Amino acid sequence: AVVSTQSTGEEGSENEEDKSDFLESLIVNPQLSDIVLFGVPFVAPYTAMNSCKYRVKITPGSTKKGKACKTILEMFARDKASLPQERNIFKALRDVDMTVNIPGKVKISAPNLHGHNKRR
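Residues numbered from 1 in each chain as written. Predicted model: local features only at pLDDT ≥ 70, side-chain atom pairs only at ≥ 80, totals over all residues. Heavy atoms only, no water.

Caption draft 1: View of helix α2 (residues 65-77). With 13 residues, α2 ought to run about 18 Å at 1.5 Å a step, and its terminal C-alpha atoms sit 18 Å apart, in line with that. Residues of α2 that are buried include every one of A68, C69, T71, I72, L73, M75, F76 and A77, and no others. (Helix = DSSP H or I, 4+ residues; strand = E, 2+ residues; numbered from the N terminus. Expected span 1.5 Å × (residues − 1). Buried < 20%, exposed > 50% of the residue type's maximum accessible area, 1.4 Å probe, protein only.)

Caption draft 2: Expanded view of the pairing of strand β5 (residues 106-109). The side-chain alternation of β5 yields one buried face, formed by V106 and I108, and one unburied face, formed by K107 and S109. Taken together, the five bridges between strand β4 (residues 57-63) and β5 define a ladder with antiparallel strand orientation. Directly across from T63, in β5, lies its bridge partner V106. (Pairing = 2+ DSSP bridges.)

Caption draft 3: Main features of the environment of I58. In this fold, I58 is placed in strand β4. Overall, I58 belongs to the partly exposed group, its relative accessible area being 34%. C-alpha of I58 to C-alpha of V43: the two residues are 15 residues apart in sequence and 8.9 Å apart in space. Beyond its immediate sequence surroundings of up to four residues, I58 is in contact with I102, V106, K107 and I108. (Contact = heavy atoms within 4.5 Å.)

Caption draft 4: Local environment of the nonpolar core. V56, I72, M75, F76 and F90 are the most contacted members of the largest nonpolar core, which totals 17 residues. Contributions of two or more residues to this core are made by α2 and β5. Per-element accounting of this core gives the leading share, seven residues, to α2. (Core = buried A, V, L, I, M, F, W, Y, C linked by side-chain atoms within 4.5 Å.)

Caption draft 5: Representation of the side chain of D95 in the model. Its place among the elements puts D95 in helix α4 (residues 95-99). Despite being buried, D95 has no salt bridge partner; K70 is the closest side chain of opposite charge, sitting 4.2 Å away. The residues touching D95, leaving out its near neighbours within four places in the chain, are G66, C69, K70 and L73. (Lys, Arg positive; Asp, Glu negative; His and termini not counted. Salt bridge = Lys/Arg side-chain N within 4 Å of Asp/Glu carboxyl O.)

Caption draft 6: Region of the structure containing the environment of M75. Within the element layout of this structure, M75 appears in helix α2. C-alpha of M75 to C-alpha of A110: the two residues are 35 residues apart in sequence and 9.4 Å apart in space.

Caption draft 7: Seen up close, the packing of aromatic side chains. For the structure shown, the criterion picks out three aromatic pairs. With 5.1 Å between their ring centres and 55° between their planes, Y54 and F76 make a pair best called tilted. Taken together, the residues Y54 in the loop between β3 (36-40) and β4 and F76 in helix α2 connect sequence positions 22 residues apart. Of the residues examined, F76 reaches a relative accessible area of 9% and is grouped as buried. (Phe/Tyr/Trp six-rings, centres within 6.5 Å; stacked < 30°, edge-to-face > 60°.)

Read these as geometric descriptors, not functional statements.
Given below as structure tokens:
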């Protein structure tokens, strides 16, 4: 998920410069000093997301996409490396908003996915 921080630019008329400032405020690895406003779930090739802090690999499989999204959000929220403000964002994200981006039934793969399933 991509998270956004507050823009330090001045408020003004919406033009191309304002739009580019907003796009530059999107970050993939928030720091403690960042103010996280919201999360934006997205689907992209796994290799293109190497710099993202939170990512899972989605392949065709037998899990319904709604259940897969719930599992992903729970896994991210329970991650020990996540900041408290990131956990709040993951809890606020709805799996219904994420399922729009995912085609059909899927299989999710992540480094700590099996540990998440055992804790249930």
